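Structural overview
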Amino acid sequence: MELIFIEKEEARKVLRTHRDSGMDFLRDLIGMDWGDEGLGVIYILENSTTHATMHLAVRTTDRNKPAIYTVCDMWSIAELYEREVYDFYGIRFIGHPDMRRLFLRNDWEGYPLRKDYDASEAINPIRLTNEPPEDVQRSYEIEEDKEFAAIAKRENFMHVDEYVINIGPQHPATHGVLRFRLALAGEEIRKIDIHCGYIHRGIEKLCESKTYPQLLAFTDRLDYLSAHQNRHALCMCIENALGLEIAPRVQYIRTIMDELQRIDSHLLMLSCAAMDLGALTAFIYGFRDREKVLDIFEEVTGGRLIQNYNIIGGVQADITTGWEAKVKDYCTYQLHKIKEFEDLFVNSIITKNRMKGVGVLTREEAISYGATGCTGRAAGWACDVRKRHPYALYGQVDFKEVLYTNGDSYDRVLMRLDEIKQSVHIIRQLIDNIPAGDFKQKTKPIIKLPEGRFSAAVEGSRGEFGVFIESHGDKSPYRVKFRPMGLPLVACMHKILKGCKIADLITIGATLDYVIPDIDR
Amino acid sequence: MEMKKPIIKSIPYEEFKDNETLEALIKELNKERTNVVVGALDDLINWGRSNSLWSLTFATSCCGIEFMSVGAARYDFARFGFEVTRNSPRQADLIMVAGTITHKMAPVLKRLYDQMAEPKYVVAVGGCAISGGPFKGSYHVVNGVDKILPVDVYIPGCPPRPEAIMYGMMQLQRKVKIEKFFGDKNRHQNPREVRREPIIVTNAPVEGCEKTDK
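What you see is a predicted model, and the numbers here were worked out from it, not measured in a lab. (Residues numbered from 1 in each chain as written. Chains lettered and ligands numbered in written order. Predicted model: local features only at pLDDT ≥ 70, side-chain atom pairs only at ≥ 80, totals over all residues.)

Take the overall build of chain B next. A tally of regular secondary structure across chain B gives six helices and five strands. Ordered by position in the sequence, the α and β elements of chain B form the string α-α-β-α-β-β-α-β-α-β-α. Out of the 214 residues belonging to chain B, those deemed buried represent 41%. Long-range pairs, those at least 24 residues apart, make up 81% of the contacts in chain B between residues at least 6 apart in sequence. (Helix = DSSP H or I, 4+ residues; strand = E, 2+ residues; numbered from the N terminus. Buried ≥ 20, exposed ≤ 12 C-beta atoms within 10 Å, placed from the backbone. Contact = placed C-beta atoms within 7 Å.)

Set out below in structure tokens:
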């Protein structure tokens, strides 16, 4: 992948020209520590209509007070991405309205993803005191005569006369350990402050000290409902870098598994969304069907939720005899059962009243926030990676990219049902034609990637999952970045929730269907 | 009167794999004999307590989804009386720590545990809660929940299968059954728990007598 370095003073101008010429989707923003060459940021841009991509980078040699201009006025998602980079590398973004840490505690010492970070317990012990609330937004501006000597400006986030309530981190309806602070006016939401990091495990830093085959285990545990797809992305990235040719049998198995995983995730989403509305019966129905997918996984991979199936150059174990028949039976069963979901849950008047016209995200906002997956497609943005940048067998199979136009909660639920049907359609095309051959190929005992930067992306269950690896030719990577599917979804809650009623927070959160360990990494 | 072997309906006593631990515990408890009346009441109350273990769900990651599976139709832990999950620590008997505990989460977990009423139990589900699991060595992961809470049952796995979660819960049932509820467990303060120093108020301003001390 070709990286174009731009001068930091020019950066905003160059990026704005690119954005105005159609590069309106910021796929990822990656913080980097290049050692002596300084700290920097990589921007991965994409044109949302032509799907042309572009990689740009900005760097600064100042390690003590690194500062780069913000781009959060061009792409809304940059607001959270830049906070993440500030958290991990200490790079301050000039002009960013809210330069607080995103994942770590306010009182955390140091910037963990820097190469010279000291991880000793003495500096950052396990603190059992409550985190001091940081109600002050910090933003940096340039002083007139001094170049890049950014001065800090402070502003209160929540005002004294605002009625603030706290939701999470331990709350059953946030689908994990996400925390919101909301300022309310009556029942209406005025402001929303998102706190992530309650399940931040520092996976990207851990990756830098592990060998490539060891990295694979982490991806399953990012978004456990897209375990196959995540691992597929990482394997694909490493295989592309090594120039490995993947056997057709492996491609078939991987594609089928990806689609089964998608069905599994969507079933869980439907059942949890129903449960959040108070319909516990639908939860039981969803899990009944989901267990059948897990049985299929278990027979071949040995794992239920986390399968550890893809490996570099193939898959862990061959499919068993008679497995195809079971998958086909399941497909018939599932199509039949979707009717039940439609009758009992989706077409129910309660669901319609709670979801129609609620939580609207327009196409432009979805692109600006980079909200891919069902959320983007419900708003009419054709953002399916399987169509945009086909991988595995998706270029050869026939399937429809389902699009809706309203972008409300109800469309996001309908998207899931339609996607299950499309996944079944894909599986049915492949399951009878799995070619004979090896299920894995021999790789060297020690895998070393050639020097360079590599990236790969797959369509996860709830959006685009991307992997970026910078290798310096060692047996472990120099930098690994996973593009979280959920962070853009949480970011766009800012937009969606403003003016909504507090009770709708739960349904909107359920239909966006974020998984927190994927956001926090 | 003596304490009896903890027999639960779900699995025969001999099929459990670690009866020695419990038998040693029973022996220790039997040293000072039990009052017949109190002992009989203990049995009755423990029978009730062990068959209605309400958990505070504290699912942070993958293990939480398996915990949901256990609650759903196929595994259905309502058969054993675990089906009531509480979202408030005040109403829960045990805390299911299902998932990785990070530095940012540790004070929250500790506070929730402190808010629970005695007798309370901790179940560590999955590799992360036991030792940090695959994330051991990370700068932001607590290597085992036992660093901050006293754990009663460990359920290994990554994530543990639903059967394992149920087995772990049954082990907890047995543990509950051999406790002396009266005079012991219900007013038990765990020695490992750090007790808060009481706040001593000094120099409280008293109305009408400001600046009396010279």
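Past the structure itself, the notes keep going.
Right, let's talk about the overall build of chain A for a bit. The secondary structure content of chain A amounts to 17 helices and 16 strands. Whereas a compact globule of 521 residues would reach a radius of gyration of roughly 24 Å, chain A reaches 23 Å, a difference of no more than 12%. The principal-axis extents of the C-alpha atoms in chain A amount to approximately 75 × 60 × 50 Å. Within chain A, counting contacts between residues at least 6 apart in sequence, those at least 24 apart form 66% of the total. (Rg over C-alpha atoms; globule rule 2.2 N^0.38 Å.)

A few words on the sheet that holds strand β16 (residues 479-483) of chain A. Residues and elements named next belong to chain A. The three strands lie next to each other as β14-β15-β16, forming an open sheet whose pairing is antiparallel. Two strands lie at the open edges of the sheet, namely β14 (452-460) and β16, each paired on one side alone. In this sheet, adjacent strand axes meet at a mean angle of 10° when their direction is disregarded. Judged from the nine bridges that link them, β14 and strand β15 (residues 463-471) form a sheet pairing that is antiparallel. (Pairing = 2+ DSSP bridges. Axes fitted to C-alpha atoms, helices over the stretch in contact; angles between N-to-C directions.)

What follows deals with helix α8 (residues 323-346) of chain A. With 24 residues, α8 of chain A should cover 34 Å at 1.5 Å per step; its first-to-last C-alpha distance of 32 Å lies within 8% of that length. Taken together, the buried positions of α8 of chain A are occupied by V327, F341, F345 and V346 of chain A. (Expected span 1.5 Å × (residues − 1).)

Right, let's talk about the sheet that holds strand β1 (residues 4-6) of chain A for a bit. Residue and element names in this part refer to chain A. The strand order across the open sheet formed by four strands is β1-β4-β3-β2, and the pairing between neighbours is mixed. Here the strands that pair on one side only, and so sit at the sheet edges, are β1 and β2 (25-33). On average, adjacent strands in this sheet sit at an angle of 25° to one another, irrespective of strand direction. Sheet topology places β1 next to strand β4 (residues 53-60); three bridges connect them, and they run parallel. Directly across from I6, in β4, lies its bridge partner V58. Relative to β4, helix α1 (residues 11-20) is tilted by about 170°, and along the sheet it contacts β1, β3 (39-46) and β4. In this fold helix α2 (residues 78-89) packs onto β2 and β3, with an angle of close to 10° to the strand it touches most, β2.

Residue and element names in this part refer to chain A. Most of β2 is tucked away: nine of the nine residues are buried. Sheet topology places β2 next to β3; eight bridges connect them, and they run antiparallel. Each residue of the ladder has a partner; that of G31, found in β3, is V41. Remark: five residues form the turn of the hairpin made by β2 and β3, two consecutive strands paired antiparallel; G35 in that turn has positive phi of roughly 65°.

Turning to the interface of chain A and chain B, a few remarks are in order. Every contact between the two is made by 36 residues of chain A and, on the other side, 36 residues of chain B. Contributing elements (two or more residues each) for the side of chain A that touches chain B: α3 (203-207), α4 (212-220) and α7 (280-301) of chain A. Residue composition of the side of chain A that touches chain B, by class: 19 nonpolar, eight polar and nine charged. (Nonpolar A, V, L, I, M, F, W, Y, C, P; charged D, E, K, R; others polar.)

This next bit is on the confidence of the model for chain A. Summing up the model confidence of chain A, the mean pLDDT is 86 and the portion of residues at 70 or higher is 95%. Here strand β8 (residues 150-156) of chain A is the element of chain A with the lowest mean pLDDT, 63, and β16 of chain A is the one with the highest, 91. (pLDDT = per-residue confidence, 0-100.)

Bringing the packing of helix α5 (residues 227-242) of chain A against helix α6 (residues 248-276) of chain A into the picture now. Residues and elements named next belong to chain A. Direction vectors running N to C along α5 and α6 enclose 140°, while the axes themselves pass 8 Å from each other. The pairing of α5 with α6 is recorded here as oblique in orientation. On α6, the residues touching A227, H228, Q229 and H232 of α5 are R254, M257, D258 and Q261. (Parallel < 35°, antiparallel > 145°, perpendicular 65-115°, else oblique.)

Moving on to the pairing of β3 of chain A. Residue and element names in this part refer to chain A. By the criterion of burial, β3 is predominantly enclosed, with eight of the eight residues buried. Of the two faces of β3, the one holding L39, V41, Y43 and L45 and the one holding G40, I42, I44 and E46 are both buried throughout. Counted along the chain from β3 to the antiparallel partner β4, the turn is six residues long, and its residue H51 has a positive phi close to 65°.

For the rest of this paragraph, the subject is unusual backbone geometry. The linkage connecting C158 of chain B with the following residue, P159 of chain B, adopts the cis geometry, with an omega of -10°. Turning to its location among the elements, P159 of chain B is positioned in the loop between β5 (153-155) and α6 (162-177). The residue H51 of chain A is not glycine, and still its phi comes out positive at about 65°. For H51 of chain A, the location among the structural elements is in the loop between β3 and β4. We note that A392 of chain A has phi near 45°; this positive angle belongs to a residue other than glycine. By the secondary structure assignment, A392 of chain A is in the loop between α12 (385-388) and α13 (409-431).

Here we come to the domain arrangement of chain A. Residues and elements named next belong to chain A. Here chain A is partitioned into domain 1 (4-146) and domain 2 (203-510). Contacts between domain 1 and domain 2 engage 16 residues on the former and 17 residues on the latter. Elements represented by at least two residues in the side of domain 1 that touches domain 2 include exactly β2 and α2. In terms of residue count, the dominant contributor to the side of domain 1 that touches domain 2 is β2 (six residues). Grouping the amino acids of the side of domain 1 that touches domain 2 by side-chain chemistry returns nine nonpolar, three polar and four charged. (Domains from an automatic or database assignment.)

The subject of this paragraph is the confidence of the model for chain B. When pLDDT is averaged along chain B, the result is 78; 84% of the residues meet or exceed 70. In this model, residues 194-214 of chain B is a region of pLDDT below 50 whose contacts with residues beyond four sequence positions or in other chains number one contact.

In this section: the environment of E298 of chain A. All names here are of chain A. As for its placement among the helices and strands, E298 is situated in helix α7. When the C-alpha positions of E298 and M54 are compared, they lie 40 Å apart, and in sequence the two are 244 residues distant. Those residues within four positions of E298 in sequence are excluded, and the remaining contacts are G303 and R304.

Residues and elements named next belong to chain B. Two numbers describe how helix α2 (residues 36-50) lies on α6: the axes approach to 8 Å, and their chain directions differ by 160°. As summarised for this structure, α2 and α6 are arranged roughly antiparallel, according to the angle between their axes. In the packing of α2 onto α6, the handedness of the crossing is right-handed. Contacts between α2 and α6 pair N46, R49 and S50 from the former with Q173, V176 and K177 from the latter. Its residues assigned to classes, the contact of α2 with α6 comprises one nonpolar, three polar and two charged. (Left-handed = near helix turned anticlockwise from the far one by under 90°.)

Examined against the element boundaries, E15 of chain B turns out to sit in the segment before α1 (19-30). Between the alpha carbons of E15 of chain B and L172 of chain B there is a distance of 15 Å; along the sequence they are 157 residues apart.

We now examine the environment of C272 of chain A. Residue and element names in this part refer to chain A. Structurally, C272 can be placed in helix α6. Taking the number of C-beta atoms within 10 Å as the measure of exposure, C272 has 22 and is therefore buried. A C-alpha to C-alpha distance of 23 Å links C272 and I192, two positions 80 residues apart in sequence. In this structure, C272 is in contact with H175, F283 and A510, ignoring residues within four places of it in sequence.

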